[in-house]
Amino acid sequence: MLRFTFVALCLYLAATANALDAGRSLSQYVHSTWDSDSGFLGGTVYAICQSEDGYLWFGTERGLVRFDGVTFKLIQRPVPGYGPIGAVRGLIADADGSLWIRLDGPRLLRYRDGTFEDAAVRYGLDETAFTAMSRDRGGDLLLWGLVHRTLRFHGDHFIPGLAHEALVGVTISVEQTEDGTIWLGTRDAGLLQIRQGHLIHVDGSANSSVNALALAGHGGLWIGTDNGLELWDGSRLIRPPSLASIAKLQVLALTRDRQGNLWAGTNHGLLRITPALDVSTEFLQNEPTAEITAVYEDRDGSLWFGGPRGIERLRDGMFTQYSAARGSPSRDEGPIYVDEEGRTWFAPVSGGLWWLKDGRTGRITLDGLGNDVVYSISGGGGELWLGRQQGGLTELAQRGNTFVAHTFTHADGLAQNSVFSVHRNRDGTVWAGTVSAGLSVLKQGRFTNYSVANVLESNAIFSITEGFDGTMWIAAPGGVASFANGHWSTYRAADGQQTPNVRSIFEDADHVLWLATSTGIAYLKGGQIEFVHGAPEPLREEILGITQDNRGHLWVVTSDHVLQVNRERLLTNTLEDADVLSYGAEDGLPAMEGTRRDRSIVADSSGRIWLSLAHGVAVADPSRAPDYTDPVAVRIESALAEGRPLRLREHPKLRAGTQSLTFNYAATNLSVPERIRFRYRLEGSDEGWSNGVALREVVYTNLGPGHYRFRIEASNGVGVWNGPETIVPFVIKPALWQTWYFQLICLLLLVALIVLAYRLRLAHLTDRMNRRFQDRLAERTLIAQELHDTLLQGVLSASMQLDLAEEYVPPDSPAKPLLRRVLELMGHVTEEGRQALKGLRAREGNSLTLEAAFSRLSSELLTDDRIAYRVVVQGVSRPLQAVVRDEVYRIGREAVINAFVHSQPATVQVEVEYASRFFRLLVRDDGRGIDPQVLNEGREGHWGLTGMRERSEAIGAQLKLRSRVGAGTEVELMIPGKIAFQDVNQRSKPRWLSWLQSDRSAKARQNEGKSDPQ
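Residues numbered from 1 in each chain as written. Predicted model: local features only at pLDDT ≥ 70, side-chain atom pairs only at ≥ 80, totals over all residues. Heavy atoms only, no water.

## Some remarks on the overall build of the protein
When you go through the protein residue by residue, the secondary structure sums to 13 helices and 69 strands. Across the 1014 residues in the protein, those meeting the buried criterion constitute 51%. For the protein, contacts bridging at least 24 residues in sequence account for 53% of all contacts bridging at least 6. Put simply, the protein shows about 48,400 Å² of open surface, and 50% of that area lies on carbon and sulfur atoms. (Helix = DSSP H or I, 4+ residues; strand = E, 2+ residues; numbered from the N terminus. Buried < 20%, exposed > 50% of the residue type's maximum accessible area, 1.4 Å probe, protein only. Contact = heavy atoms within 4.5 Å. Areas by Shrake-Rupley, 256 points an atom, 1.4 Å probe, with all protein chains shown as cover.)

Right, here's the structure in full:
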C-alpha cells in the first residue's frame, strides 16, 4: 500500500508542479559542450560543484578546474608548499560557504574566501582514506573514512559519528534522508543504512555496486547501481516499470533538480526521469566514451554533466521551440495568434491549421482547412477568423468541445477568395485584405469593398490593424492608408524618400504606430513615415514583424534576426549596443529566419512572446526566464597595482607613488555570460558611471593619493541593471612631497621667504630713504650756511649801512620816510631769512617734541578763542628722523592753518600716534569741509594741498584727505615705522640683516666714491 501511495504522489506532483514543462524533450534545452579543443583541460570529470563566490569547480583526473563562465583554469597546486594534488574525486559545498575537495587517500582540502588550506592537517584527521562525502540534512559536510567511518563538520570542527567495525565493503556513496537516516552505498556489499545507531543491510541490494544516491520526494531515496535505478519508497526497494528499459545501464552519478526531475549519469550517457517517472533517453549513446560520471545543478538551474569527453550543460533558454517533432507537419510556420483561452494558433506554410495549449497540440480540418494554406489569423469575442489562400474568409467558433466553421467566398461578396490579411475589430467588424483585389469589410453580414477603382492606391493588402481610437490602418506596397470617420488618408515617407513596402503594422501601448518595412523599422510621425536614424544594422534589414512585451520593449523579427529593442532609446535615437539584444541558438533558437506573414510575432495576455519562424513555433517568457532576469552579482577576480597583486579583503593601502590600477572581474551568472554588461565608476576619480561594456577588465592610470571606492555592477541577460553593487575600497598613500605636513612646511618656508624678501626690500628702501634724508639734510645745512654767511650777512650789513645813513639824513628830508620804509622791509627780510634758516637747519638738538610743537602752534597763529584746539598723543613718544619730523610738522602745520583759516570750525584736533610699526598724524576739524573737486584737484593759485601731497610722497608716507561739505575735514598721514623712527633699525634689525645692509651700504659708498669727479 505504501508503495502505491508513493508512486501515486509522484504522478500527482508531475501533473501539478510541471504543467508548464510537460512533454518537454531534452533537445529543447540549450545544449553546450566544452572539451580540450574549447579550453577544458581536465580529462575525465569525477565531480562538479559551485562555490559561494559563484565559481564552478570540476574535480578531474588531472586536478581541480575552475570555471568563471568564460574561461577554465586548471589548478594543480592550490596550497602553497603543497605538491601536485593529482585526481580530485569529490566536491561538496556546505551551508557555511566552504568547498570541500576530496583527493585520493587521506587528503582533504578546503576552499573558503578565495583561499585553499589542507583540512586534513589543520583538523588532525588521522585517516587512511576518504571514500565518500555529501551534505547532511542541515547542510554540513558528511564525510566517510575507512577508519573513523562517519565524520560531520560543524562549528569549525569535525564531529565523529558511530564507527561500525562490522561494516563489510568499501563505501563509495553516502546520503542522509529527512528522517536522519544515513545511507551508505558500497562497492560490493549493497545498500546499508545507519538508523538510531544501528547498521542495517537493505534487503535485495547486495548483488550490485551502489555508485550514487539522491534524495527523492517525501523521504524517498534514489539508488544508482551497476544494474540501473532503484527507488526506496520508505519501506522497501522498488523498480518502477517505466525504468525497466534502463535496467542494464550502469548508473554512475545522480542529482535531483529544482523541478523534481532526476538526472542520472550512466555508462552510455545522460538520463532524465520526471516526477511522473517518464524516462528521456535522448542523450544515450553506445560509444565507450559516452559515460557520464558527474551530474550537478548550479544555482541558476543549469544542469552540468561530464565524463571522459569533457563538460556538457543543459539549460533553459529564453525560448522554447515547438517544431515538427512536436506534431506540426511542417518546419516552416506561417501566421500565429493567441486567443483569450491561452490557445496558440499557427498555420504551417505547407497548409493546415494547428493549435497548441499546455504542451498539447491539435489540428482543425473543417471546411477544407486541412488542405488549404492559412495566410492570416485574427480573433476576439470567442471567434477566430482565417484568411485563406484559396478558400476565402473563414470564421471558426468553439461549441463545447468541438469547433464549427463558416466560410465566406467571392460568391458572398468577398472581393477575392485569396485573403492575405484579416483583422476583427473590437465591435465585431471584420476587415479582409486580399492578395490582388483590394479590401473587403464584413459588417452585419454584408461586405463593402474598396480597391484602386475608388479609394485605394494598391489592391495588394499586407497588414490591417485597429488603432486605439478606432482608426483602421492598412499596409500596402505603396505605403500606409487609414480609414476614420468615413474618410481615407494616405501616408508616405518623409523628406522625399522612396516609400517602402510596409509588411506589417503594430500599435504599441503608447499608441505609437510601428511599421515593419522592406528597408527597416519605421513609425508614423506628423502624418509621415519616419525611419530611425542611426539604427543598428539589423534594424535596417527587412522587418517581418513587431510586438511589445510587458516591460515596454519592442520585439522585432527580421529575415535573419530575433531582436529585443529598448523602445524609448529607439525613439530618441540614443541606442547603445546593450539596448539591442539579438537572440540565437544559445537562447533556444536553432534558426532565426522569420516568415513573411502578417502577425508572425505576437504577445499574449501573460506577456509571453510567440514567434512563427522558418523552423517552427517558439515562445519566450521574458519575465520568467531566471537565467536572463535574475540579478547578477559581480565578482572581482583580481586587482593589480603597478603589476603587483592586491589582497582585496584587507582594505588595501597602496604604497606611495602608485598611479596604475587594474581590476579584473566576472559575473556570477554562468548561464548567459555573453549577454552580461558591466558598468563601473571609481569614486574619487570618475564623475559618473561608465557605459555598459562586455570587457572584463578596467585599467586606471594617473591616480593620485587619497581614498577611493571602486564600484561595479552588472546587467542581467535582458539588459536590466538590477544586480547588487560590488565595492572595493582602497587607499593610495601619499609620497613625502604629497603629505599635508610636507606641504605645510613648504608653505611655511614660502611664507618665510616672502617675509624675508619683504624685509630685505623694506630694509633696502629704508636704507635708501635714510641716505636720501641724510643727503637732503646735508644739502639743507649747506644751503643754510651759505645763506647765513652770504645773503643774510650781506642783507644785515646793508641794513646797518642804511641805518647809519638814515641818521645823517635830516628829519625833514623827503628821503627820511623812504629810508625807514626800506629799513623795515630789510628787517622783515632778515626775519624771514632767519625763519628759513630755522627750517633748513635740522633740529636734532631741539628737545621740543612734535606734539609740543603742534601745541605751541595755536599761540603762533593768534587763533580765535572761540575755536577749541587740542593735541592728542597715543603711545610713547619716539624720536623721528630729522627730515621726517620737519616734513610731518610742515604737513600738519599746513593742515592746521587750513582748518583755522578756511574751515570756520568749532573744534580742531591733532592726533599724534606712536605705534610699533607706524607713525600716524591725524588733523581733524568739524568745519564746513572742502568741495570734492577742490579736494581732488586743488584751488587755482593755492598750493597747500599739492604741497602736502608732494611732501608726503617725498618721505614715503601715505596721505589721505577725507572731507564732505558741511561735515568737516580729516587729514591723515601714515608713515611706516622703518622710515619714521630713528631707533627702529637698531631695535629690530637682526645682526645678519644689519651686516648685510651695512655691507651693501659700504659697497654703494665705494661706488659713489669711484664715480665722484673730485
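That covers the picture; the talk isn't over yet.
## Concerning a nonpolar patch on the surface
Together, L736, W740, Y741, L744, L747, L748, L750, V751, I754 and V755 give the surface a local cluster of nonpolar side chains, amounting to about 990 Å² of exposed area. Within the secondary structure layout, I754 lies in helix 5 (residues 740–808). (Patch = residues over 30% accessible without salt bridge, like charges linked within 9 Å, V, L, I, M, F, W, Y side chains within 5 Å. Salt bridge = Lys/Arg side-chain N within 4 Å of Asp/Glu carboxyl O.)

## Quick look at the nonpolar core
F854, V888, F919, L921 and I975 are the most contacted members of the largest nonpolar core, which totals 37 residues. Broken down by element, the residue count for this core peaks at eight residues, all from helix 8 (residues 882–903). The contact partners of F854, leaving out residues within four places of it in the chain, are Y869, V871, V888, Y889, G892, R893, V910, V912 and L921. If you look at the next biggest cluster of nonpolar residues, it comprises 32 residues, including L56, V65, L91 and Y111. (Core = buried A, V, L, I, M, F, W, Y, C linked by side-chain atoms within 4.5 Å.)

## Section: the packing of aromatic side chains
Going through the model one piece at a time under the given rule, you end up with 47 aromatic pairs. Through successive ring pairs, a cluster of aromatic residues spans W34, F40, F58, F67, F72 and W304. Over the ring of F462 we find R503, and its NZ or CZ is 5.6 Å from the ring centre. Positioned above the aromatic ring of W721 is the side chain of R679, whose terminal nitrogen or guanidinium carbon lies 4.5 Å from the ring centre. (Phe/Tyr/Trp six-rings, centres within 6.5 Å; stacked < 30°, edge-to-face > 60°. Lys NZ or Arg CZ within 6 Å of the ring centre and 35° of its normal.)

## Re helix 10 (residues 944–954)
Among all positions of helix 10, only G944, L945, G947, M948, S952 and A954 are buried. Directly beyond the C-terminal end of helix 10, a positive phi value near 75° is found at G956.

## Some thoughts on empty space enclosed by the protein
Considering all chains together, one arrives at five cavities of 30 Å³ or more under this definition. When its volume is computed, the largest cavity comes out at roughly 130 Å³. The wall of the largest cavity is formed by 14 residues, among which E457, S458, A476, V480 and A481 lie closest to the centre. Looking at the lining of the largest cavity, the elements that each hand over two or more residues are strand 43 (472–476), strand 44 (479–484) and strand 45 (487–491). For the lining of the largest cavity, the per-class residue count stands at eight nonpolar, five polar and one charged. (1 Å grid on protein atoms, 1.4 Å probe; cavity = no way out; pocket = protein on both sides within 12 Å on 5 of 7 lines; lining within 4 Å. Points joined across faces, edges and corners; volume = space filled by probe spheres on them. Nonpolar A, V, L, I, M, F, W, Y, C, P; charged D, E, K, R; others polar.)

## Details of helix 8
The end-to-end C-alpha distance of helix 8 is 30 Å, a good match for the 32 Å that 22 residues give at a rise of 1.5 Å each. A positive backbone phi angle near 55° is found at Q904, which sits one or two residues after helix 8. (Expected span 1.5 Å × (residues − 1).)

## Remarks on the pairing of strand 16 (residues 191–195)
When you tally the buried positions in strand 16, you get four out of five residues, the bulk of the element. Of the strand pairs in this sheet, strand 15 (residues 182–186) and strand 16 are connected by four bridges, and their pairing is antiparallel. Across the sheet, residue L184 finds its bridge partner in strand 16, namely L192. Between the antiparallel neighbours strand 15 and strand 16 lie four residues, among them G190 with a positive phi of about 75°. (Pairing = 2+ DSSP bridges.)

## Considerations on the pairing of strand 42 (residues 463–466)
Residues of strand 42 alternate between two faces, with S463 and T465 on one and I464 and E466 on the opposite face, all of them buried. One ladder, built from four bridges, connects strand 42 with strand 43; its direction is antiparallel. The partner of I464 across the bridge, within strand 43, is I474. Linking two consecutive strands that pair antiparallel, namely strand 42 and strand 43, is a turn of five residues; a positive phi of about 90° is found at G470 within it.

## Details of the sheet that holds strand 29 (residues 319–322)
Taken in spatial order, the four strands make up an open sheet running 29-56-55-54, and their pairing is antiparallel. A single partner strand is all that each edge strand has here, and the edge strands are strand 29 and strand 54 (601–603). With strand direction ignored, the average angle separating the axes of adjacent strands in the sheet is 20°. Bridge analysis of strand 54 against strand 55 (residues 609–613) gives three bridges, and the strand direction is antiparallel. If you follow A603 over to strand 55, its bridge partner there is I609. (Axes fitted to C-alpha atoms, helices over the stretch in contact; angles between N-to-C directions.)

## So, the environment of Q196
Structurally, Q196 is set in the loop between strand 16 and strand 17 (198–201). Judged by relative accessible area, Q196 falls into the exposed class, the value being 74%. As a C-alpha pair, Q196 and I182 span 14 residues in sequence and 9.5 Å in three-dimensional space.

## Focus on unusual backbone geometry
Even without glycine at this site, D156 takes up a positive phi of about 65°. Tracing the backbone shows D156 in the loop between strand 12 (149–154) and strand 13 (157–160). Non-glycine residue N702 carries a positive phi angle of around 55°. Structurally, N702 can be placed in the loop between strand 62 (697–700) and strand 63 (706–714). Accessibility expressed as a relative area gives 65% for N702, which makes it exposed.

## Re the side chain of T739
With respect to the secondary-structure elements, T739 resides in the loop between strand 64 (726–732) and helix 5. Polar contacts involving the side chain of T739 include one to the main-chain carbonyl oxygen of L736, which spans 2.7 Å. (Polar contact = N/O pair within 3.5 Å; in protein donor to acceptor, adjacent residues only side chain to side chain.)

## What about the sheet that holds strand 16?
On the basis of which strands lie adjacent, the open sheet formed by four strands has the order 14-15-16-17 and antiparallel pairing. Each edge of the sheet is formed by a strand with only one pairing partner; in this case those strands are strand 14 (171–176) and strand 17. Taken pair by pair, the neighbouring strands of this sheet meet at an average axis angle of 25°, ignoring direction.

## As for the side chain of E230
Mapped onto the elements, E230 comes out in strand 20 (residues 228–232). Since its relative accessible area comes to 15%, E230 is described here as buried. Within the structure, E230 has its side chain in polar contact with the side chain of R239 (distance 3.2 Å). Excluding residues within four positions of it along the chain, E230 makes contact with L221, W222, I223, T225, L237, I238 and R239.

## So, the pattern of salt bridges
In this structure the tally under the stated criterion is 43 salt bridges. Note that R110 is salt-bridged to E117, the shortest N-O span being 3.4 Å. Its relative accessible area of 5% is what places R110 among the buried residues. One salt bridge connects E542 with R503, and the closest N-O pair in it is separated by 2.7 Å.

## Details of the environment of T448
By the secondary structure assignment, T448 is in strand 41 (residues 446–450). Sequence spacing of T448 and A415 is 33 residues, and the spatial spacing of their C-alpha atoms is 8.7 Å. Non-local contacts of T448, meaning those with residues more than four positions away in its chain, are made with L439, S440 and V441.

## As for the packing of helix 8 against helix 10
Here helix 8 crosses helix 10 at 160°, and the two axes come no closer than 10 Å. As far as their axial angle goes, helix 10 and helix 8 are roughly antiparallel. Where helix 8 crosses over helix 10, the handedness of that crossing is left-handed. Contact residues: E887, R890, I891, E894, A895 and N898 in helix 8; G944, M948, R951 and S952 in helix 10. A breakdown of the residues in the contact of helix 8 with helix 10 according to their chemical character gives three nonpolar, three polar and four charged. (Parallel < 35°, antiparallel > 145°, perpendicular 65-115°, else oblique. Left-handed = near helix turned anticlockwise from the far one by under 90°.)

## Regarding the confidence of the model for the protein
Predicted confidence across the protein gives a mean pLDDT of 84, with 88% of residues reaching 70 or more. Ranking the elements of the protein by mean pLDDT puts helix 1 (residues 2–17) last with 34 and strand 26 (residues 294–297) first with 97. Confidence drops under a pLDDT of 50 for residues 1–23, and excluding neighbours within four residues, the segment shows 28 contacts in the predicted structure. Low confidence marks residues 1008–1014, where pLDDT is under 50. Its contacts with residues over four positions away, or in another chain, come to one contact. (pLDDT = per-residue confidence, 0-100.)

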